[in-house]
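Single-letter residue listing:
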Amino acid sequence: MSKYGDLIKKARETEPENQKAINTEDQTSGFPSQEPELEQMVNLCVKVPISQRRYWMSKAKEKGITVTSVIVEALTQKFGEPENQKTRKSEK
């Protein structure tokens, strides 16, 4: 056997005391198991004058909502949603 063969063989036979076995049944993937798979989210860029952006951002902050939710709501009202689309539910 090689120089370290006996040492390797011994290490494989017994589990070291300072290493504990990991119980993978208790671990989760970090994703909710009951939630359906959602579509990938992407950015939608819109060029607007900075003065309007500042105004809209401050108004949204006053009301405790996001500009994103307002934009999505407006686009949904104007164009609707594609059939069979899974979307995230916005919090109100």
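Residues numbered from 1 in each chain as written. Predicted model: local features only at pLDDT ≥ 70, side-chain atom pairs only at ≥ 80, totals over all residues. Heavy atoms only, no water.

Draft legend 1. Representation of the environment of Asn-43 within the structure. Its place among the elements puts Asn-43 in the loop between α1 (5-13) and α2 (50-63). Through-space distance from the C-alpha of Asn-43 to that of Thr-68 is 10.0 Å; in sequence the pair is 25 residues apart. (Helix = DSSP H or I, 4+ residues; strand = E, 2+ residues; numbered from the N terminus.)

Draft legend 2. Inspection of the pattern of salt bridges at higher detail. According to the stated counting rule, one finds one salt bridge in the structure shown. Close ionic contact of Lys-59 with Glu-62 constitutes a salt bridge, the shortest N to O distance being 3.7 Å. Of this pair, Lys-59 and Glu-62 both sit in helix α2, three residues apart, roughly one helical turn. Looking at Lys-59, the relative accessible area reads 33%, which means it is partly exposed. (Salt bridge = Lys/Arg side-chain N within 4 Å of Asp/Glu carboxyl O. Buried < 20%, exposed > 50% of the residue type's maximum accessible area, 1.4 Å probe, protein only.)

Draft legend 3. Fine view of a nonpolar patch on the surface. Among the surface-exposed residues, Leu-44, Val-46, Val-48, Tyr-55, Trp-56, Ile-71, Leu-75 and Phe-79 lie close enough to one another that they form a single nonpolar patch of about 830 Å² accessible area. Mapped onto the nonpolar patch, the elements with two or more residues apiece are α2 and α3 (67-79). Looking at the nonpolar patch, the element that brings in the most residues is α3, giving three residues. Given a relative accessible area of 37%, Ile-71 falls into the partly exposed group. (Patch = residues over 30% accessible without salt bridge, like charges linked within 9 Å, V, L, I, M, F, W, Y side chains within 5 Å. Areas by Shrake-Rupley, 256 points an atom, 1.4 Å probe, with all protein chains shown as cover.)

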